[in-house]
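# Architecture and fold: a report
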Amino acid sequence: MKLEINGEMRELDAEPEMPLLWALRDVLGMTGTKYGCGIAQCGACSVLVDGVVTRSCVTPVGSLEGSKVSTIEAMEQDAVGQKVVEAWVKHQVPQCGYCQSGQVMAAVSLLKENAAPSEEDVRASMQNLCRCGTYNAIHAALSDLAGQENA
C-alpha cells in the first residue's frame, strides 16, 4: 500500500488493520510519534491526516490510502510547525518531552484551522494529556502565537 507521509510517497509493507503508529515507528523507522495509551485517549500518538489531528494508535493504515499524513518529523519544514516549535522553546514547554510531539501536532492543527484562537478555542482543542503538567506553558505558547496580550 502507498501512503503520502510528510510530502513523500512511501510504500508500506503492512497489513491494512495495522495502526498507523506502528507503521510509522516499526515499518518506516519514524520514531518521533510516541505510543502513550493505545486507546486514543492521551494524544501522544497524534499526527495530522489531511490537516486534521488524528490519533495514530487506533487509525488503521488501510483507511488512509489517498490521505496526506504529516508527522512531527516534518514540522520544522512547515511554516506553522516552525512557529509552534519556536514558541515551545521560548516558553520552555517541554519537561520530560514524551507527549510533546503530540502536543505540537495538536497545536499545529489548531493554528492551521484558526490562526488566532481564543482561550476557549485553545482549551477545547488542546486535549492531549501531559503527565508533567505543562498545560500552563502550552497555553502561554499558544496565546503568544495567537497574539493575545496575556501570553
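Here, every reference points to the structure presented above.
A short tour of the structure in this document, coming up. (Residues numbered from 1 in each chain as written. Predicted model: local features only at pLDDT ≥ 70, side-chain atom pairs only at ≥ 80, totals over all residues. Heavy atoms only, no water.)

Let us now look at the packing of helix H3 (residues 100–113) against helix H5 (residues 135–146). Following both chains from N to C, one finds H3 and H5 inclined at 30°, their axes separated by 12 Å at the closest point. The angle between the axes of H3 and H5 places the two elements in the roughly parallel class. At the point where H3 passes H5, the crossing takes the right-handed sense. Only Ile138, Leu142 and Leu145 of H5 make contact with H3, whose side of the interface consists of Gln100, Gln103, Ala107, Leu110 and Leu111. Taken together, the residues of the contact of H3 with H5 sort by class into six nonpolar, two polar and no charged. (Axes fitted to C-alpha atoms, helices over the stretch in contact; angles between N-to-C directions. Helix = DSSP H or I, 4+ residues; strand = E, 2+ residues; numbered from the N terminus. Parallel < 35°, antiparallel > 145°, perpendicular 65-115°, else oblique. Left-handed = near helix turned anticlockwise from the far one by under 90°. Contact = heavy atoms within 4.5 Å. Nonpolar A, V, L, I, M, F, W, Y, C, P; charged D, E, K, R; others polar.)

Across the sheet, which stays open at both edges, the five strands sit in the order S2-S1-S5-S3-S4 with mixed pairing between neighbours. The two strands at the open ends of the sheet, each matched to only one other strand, are strand S2 (8–11) and strand S4 (52–55). Between one strand axis and the next, the sheet turns by 40° as a mean value, whatever way the strands run. Here two bridges tie strand S1 (residues 2–5) to strand S5 (residues 68–70), and the two strands are oriented parallel to one another. Counterpart to Glu4 in the pairing with S5 is Lys68. (Pairing = 2+ DSSP bridges.)

This paragraph deals with helix H2 (residues 79–90). Taking 1.5 Å per residue as the helical rise, H2 with its 12 residues ought to reach 16 Å, and the 17 Å between its terminal C-alpha atoms agrees with that figure. Of the residues making up H2, those classed as buried are Gly81, Val84, Ala87 and Trp88. Mapping the buried residues of H2 onto a view down its axis gives an arc of 125°, with all of them on the same face. Those residues of H2 that are exposed and angled more than 90 degrees off the buried face are Ala79, Lys83, Glu86, Val89 and Lys90. On its buried face, H2 sits against H3 and H5. Two or three places before Val80, at the start of H2, stands the capping residue Asp78, its side-chain oxygen 3.0 Å from that residue's backbone nitrogen. (Expected span 1.5 Å × (residues − 1). Buried < 20%, exposed > 50% of the residue type's maximum accessible area, 1.4 Å probe, protein only. Arc of directions from axis to C-beta. Polar contact = N/O pair within 3.5 Å; in protein donor to acceptor, adjacent residues only side chain to side chain.)

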